[in-house]
2 protein chains.
Amino acid sequence: MSKFAKKEITKKSDNISEWYNDVVLKAELADYGPVKGTMVIRPYGYALWERVQEIFNPMMREKGVQNAYFPLFIPQSLLEKEKEHVEGFSPELAVVTIAGGEKLKDPLVVRPTSETIMYSMYSDWIQSWRDLPVLINQWNNVVRWEKRTYLFLRTTEFLWQEGHTAHEDEAGAIDMAETALEWYRSIYEDYYAIPVYLGIKSTAEKFAGAKTTYSLEALMPDGKVLQGATSHNLGQNFSKPFNISFQNRTGKNDYAWQTSWGLSTRSLGGMFLTHGDDDGLVLPPKIAPIKMVILPILGKDDQKVLNFSKKIKEEVEKGLKGTEYEGRVEIWDNPEKTLGWKLSETELKGIPIEATVGLKEVEENGVVLATRLILDTEDGGIKHRQVRLEEIGKNVLELLESLQRHLYKIASRYLEENTHEATTYEEFKEIMNTKRGFIKAFWCEDAECEKEIKDETKASTRILPLDARQETGVCVRCGKEAKGRWLFGQAY
Amino acid sequence: MSKFAKKEITKKSDNISEWYNDVVLKAELADYGPVKGTMVIRPYGYALWERVQEIFNPMMREKGVQNAYFPLFIPQSLLEKEKEHVEGFSPELAVVTIAGGEKLKDPLVVRPTSETIMYSMYSDWIQSWRDLPVLINQWNNVVRWEKRTYLFLRTTEFLWQEGHTAHEDEAGAIDMAETALEWYRSIYEDYYAIPVYLGIKSTAEKFAGAKTTYSLEALMPDGKVLQGATSHNLGQNFSKPFNISFQNRTGKNDYAWQTSWGLSTRSLGGMFLTHGDDDGLVLPPKIAPIKMVILPILGKDDQKVLNFSKKIKEEVEKGLKGTEYEGRVEIWDNPEKTLGWKLSETELKGIPIEATVGLKEVEENGVVLATRLILDTEDGGIKHRQVRLEEIGKNVLELLESLQRHLYKIASRYLEENTHEATTYEEFKEIMNTKRGFIKAFWCEDAECEKEIKDETKASTRILPLDARQETGVCVRCGKEAKGRWLFGQAY
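Residues numbered from 1 in each chain as written. Chains lettered and ligands numbered in written order. Predicted model: local features only at pLDDT ≥ 70, side-chain atom pairs only at ≥ 80, totals over all residues. Heavy atoms only, no water.

*Asks:* What am I meant to see in the domain arrangement of chain A here?
*Replies:* For an interface, size is often stated in terms of accessible area lost upon the parts coming together. Each assigned domain of chain A is listed with its residue range as follows: domain 1 (16–275), domain 2 (290–415) and domain 3 (419–489). Using only C-alpha atoms to locate each centre, domain 2 of chain A and domain 3 of chain A end up separated by 46 Å. (Domains from an automatic or database assignment.)

*Asks:* Can you help me understand the interface of chain A and chain B in this one?
*Replies:* Each side of the interface is counted separately: chain A has 53 residues, and chain B has 53 residues. For the pair chain A and chain B, the summed buried area comes to about 4500 Å², and 64% of that belongs to carbon and sulfur atoms. Linking Arg130 of chain B and Glu336 of chain A is a salt bridge whose minimum nitrogen-to-oxygen distance equals 2.4 Å. The interface formed by chain A and chain B includes 22 residue pairs in polar contact (both at pLDDT 80 or more). A per-element tally of the side of chain A that touches chain B places strand S5 (residues 94–99) of chain A first, with 6 residues. Residues that form the side of chain A that touches chain B fall into these classes: 33 nonpolar, 9 polar and 11 charged. (Contact = heavy atoms within 4.5 Å. Buried area = accessible area lost by both parts, 1.4 Å probe. Salt bridge = Lys/Arg side-chain N within 4 Å of Asp/Glu carboxyl O. Polar contact = N/O pair within 3.5 Å; in protein donor to acceptor, adjacent residues only side chain to side chain. Helix = DSSP H or I, 4+ residues; strand = E, 2+ residues; numbered from the N terminus. Nonpolar A, V, L, I, M, F, W, Y, C, P; charged D, E, K, R; others polar.)

*Asks:* Could you clarify how one ought to interpret the relation of the copies chain A and chain B in this entry?
*Replies:* Taken together, a rotation about one axis and a shift along it account for how the two chain copies relate. For the pair chain A and chain B, the relating rotation is 180 degrees, the translation along its axis is 0.0 Å, and the fit reaches an RMSD of 0.0 Å. Seen this way, the second copy is the image of the first under a two-fold rotation axis. Residue Val96 of chain A, judged by its C-alpha, is the member of chain A lying nearest the rotation axis, at 2.0 Å. Mapped onto chain B, 100% of the interface residues of chain A are again interface residues, and the two copies thus contact each other with one and the same surface. (Least-squares fit on C-alpha atoms with pLDDT ≥ 70 in both.)

*Asks:* Any chance you could explain helix H1 (residues 16–26) of chain A here in plain terms?
*Replies:* Residue pairs three or four apart in sequence face the same way in an α-helix, which turns once every 3.6 residues. Residue and element names in this part refer to chain A. Turning to H1, its buried residues are Ile16, Trp19, Tyr20, Asp22, Val23 and Val24. For H1, the secondary structure elements touched by its buried residues are strand S1 (30–32) and helix H7 (266–275). With a side-chain oxygen lying 3.1 Å from the backbone nitrogen of Ser17, the N-terminal cap of H1 falls on Asn15. Just beyond H1, the residue with positive phi is Glu28, at close to 60 degrees. (Buried < 20%, exposed > 50% of the residue type's maximum accessible area, 1.4 Å probe, protein only.)

*Asks:* Looking at this model, I keep getting lost on the environment of His85 of chain A. Mind explaining?
*Replies:* Residues and elements named next belong to chain A. In this structure, His85 sits in helix H4 (residues 83–89). Its relative accessible area of 0% is what places His85 among the buried residues. For the pair formed by His85 and Phe308, sequence separation is 223 residues and the distance between their alpha carbons is 60 Å. If sequence neighbours within four positions are ignored, His85 has contacts with Leu79, Thr113, Glu115, Thr116, Phe207, Ala208, Gly209 and Phe238.

*Asks:* Please explain helix H8 (residues 302–320) of chain B as it appears in this structure.
*Replies:* For H8 of chain B, which comprises 19 residues, the first-to-last C-alpha distance of 27 Å matches the rise-based estimate of 27 Å (1.5 Å per residue) to within 8%. Once H8 of chain B finishes, Gly322 of chain B follows within two positions and takes phi at roughly 80 degrees, a positive value. (Expected span 1.5 Å × (residues − 1).)

*Asks:* So what exactly am I meant to see when it comes to the packing of aromatic side chains here?
*Replies:* The geometry of an aromatic ring pair is captured by two quantities: the separation of the ring centres and the angle between the planes. Residue and element names in this part refer to chain B. What the rule picks out here adds up to 42 aromatic pairs over all chains. Measuring from centroid to centroid gives 5.6 Å for Phe56 and Tyr184, while their planes differ by 5 degrees, and the two rings are stacked. Pair noted here: Phe56 is in helix H2 (residues 43–62) and Tyr184 is in helix H6 (residues 170–191), with a separation of 128 residues, a long-range link. Residue classification places Phe56 among the buried residues on the basis of a relative accessible area of 0%. Judged by centre distance (4.9 Å) and plane angle (85 degrees), the ring pair of Trp443 and Trp486 falls under edge-to-face. (Phe/Tyr/Trp six-rings, centres within 6.5 Å; stacked < 30°, edge-to-face > 60°.)

*Asks:* Teacher, can you tell me more about the sheet that holds strand S15 (residues 290–296) of chain A here?
*Replies:* Neighbouring strands of a sheet are bound in pairs by backbone hydrogen bonds; such pairs are parallel or else antiparallel. All names here are of chain A. With respect to topology, 5 strands assemble into an open sheet ordered S16-S15-S17-S18-S19, the strand pairing being mixed. Among the strands making up the open sheet, the edge pair consists of strand S16 (328–331) and strand S19 (382–388). Across the sheet, the axes of successive neighbouring strands diverge by a mean angle of 20 degrees, strand direction being ignored. Direction of pairing for S15 relative to S16: parallel, over a ladder of 4 bridges. Of the residues in S16, the one forming a bridge with Val293 is Glu330. (Pairing = 2+ DSSP bridges. Axes fitted to C-alpha atoms, helices over the stretch in contact; angles between N-to-C directions.)

Next up, the structure:
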């Protein structure tokens, strides 16, 4: 391959899976690890995850949630304490049987999630209502041995945050679980520019061991649904087997009310799928690690061009400082690469804004700002904006804001256009066979009926939207009484 | 235990090991995990590790090192590619043999360090000198199955950063390894307030697979030596078996020159040991998660006292903003705890400054700032400083700076007083038997001689200080020619 060759990627419209793999690999977000199903998150991809941490930590801090770290290995015997939980995770476990050259008596499970190990500690730490609430989060790696894997979206090891709290009463737990759901909504809608539906899971689809699972669900461009993040009201399902008991305010013994909630690197995969196009990634400006790239055209008078490029960088950094768009502005002056290569690289990497700088720009004391997409502005859409040096900071900020809004608007329109109502089962099957997307339909909440719908249409219940209990009707499949319209979809 | 009972800890002077465990557990830095040898890092301890990340990330970024994430599991076959390396780590490995309900054909080692898995990827990514240098770091968890464990200082799983770089020539690798060493020196001396010796390891003590290991070594209060962090020039020892080859600037094929370097949560244990006293932790102000605690005395006119406490908090936060001492200022207004309990808790947790606020302070519009230790000032040492509200920001900053300097000064004096020279082996043995500490002595660099010194005195070679090659002499034990004075000590 010539060093100047543009990296070729499959068109998104031709084959979305191939396009996705091409983009993730060639934009250097990630690479396949040596063990099947594992992934290396490369610096450009990891910078996105660091950005998520930077956004999410202050949200948690304001509510008093603190970060901590619990061990990777869970004794098999601990995991078995909560029956539903161990059943849910058993098929996916990785187990250490040898350590320090010896066979272990009690094998160690590599955490698939940390309820059991954390709650065995909470049991020691919590004695009185004065010790509550306990509000702890950890950013860590977990392992779930999946058969079919997909970069970011499903890998045997992934990174996430898992929050685990304990409260005096169920009201405290419900408030916490709903607050976490709201944080996730904000991450998706305000940062990833992905509109989502919020609701609760059916009994079959909820987290193994939860009383109620809240979830947010997003629609991908292929019409399939991505579970974005989940938040669980665990009730006393764990506090009883783990003996997290405490003396309450009236002096009586009680068991703590708990929650757990998690957001993983999977969510980044959803963002790549949602916004990318035939040229590569499109990153929402609030999340993009690099906000803008300056491309100096080097020839004679290099120094003038480079100096002007540096001035632009300074002005832009000044303009973005203290805003939600503060971040890296890079000058790509590597003489080993052509301008054409660099331009296509800014597109592949989804960099929000690019400006090319030559002698003409130096003389005119201004540049043309090019956005990654044509923006849907009042005057009919723009991709280029000519600006003078002294106005560049303000203009870059405006364009980043417009691009952020624009991406959300396109995704919202898509979600709206692909959320259907089905009143008959024929209609339901027809929609799932032809266009997929979300279907809103009454369902009787019977697990058998749910399973048959899934077998017949590949669509599972996704959630009962939070405001859906206001309507009653009859089940779209069996005709029995239904207490709300559920959202159905084919899950990733 | 009464809810008002002060937490009792062993005196440091009575039994330093018991004191250490008491402090780590009762200050809620960490707790024992359910699996022997594992540790839970609680929020107060984890906040220290987050502070280290906050300090270390910008150092790396300035040099162009980027964060990334590589998989936890290493196929046994990959680990075996570098002979010395696998031999060095084999006794300490944890091995996954079952995953997804099936026995694995190629067992997976839980990473004890990531050279092998990272370099198998580097081999794919590096083709030309244009791809170099590769400068990648990861913050992650690693597992080494140790028999004897100790909270923070030696645990079967620990957190660390591991930097891994590849360069065009050895000069680039040496520069990188030495730069990392300098970063570690700064973390220890400028932040942890622990003076260190820098140097290179003997062949027996170097990292399994390294060409040269640089290390920094610190003296603990019991006279034993802690290896603070290490940085390795790997030469081409890994690039050859892992085939990290590239076309160099002259068009010829070459193998990359590499480094790796790491700093772990172990270093925090060294900091607790170094500065703590009979009352508990003493945290250097630059690292302390909580810089100051305000203790309101609640009674009648609560609101006045609380309002004044809030004003103090605001003034202090304003005074620290933008300095290296920016951080949390807390008001401990929990009415469930007595003032006495809170005062002893600020000591146990090593909080640099405390101020008690009652009606008298409100009326006088000022408070007394109390430092965790008596400061060694020109006028003979102070612990208390009376200040008016409007001057409080400046004064807290001054006291934090003084405390930071003071801790370093005490530790430096201790290091100096406990670094001995030995010219005869009798003298060497006498020192190691009675007071330990560091011994500077000529050594012949023969591995057999080194082993015998260790068997006879428990002291191992720690490092050859960076400037030590200027002297020659005869080996303190065998009398053979010696090309420099080495530092010896009993290692943790």
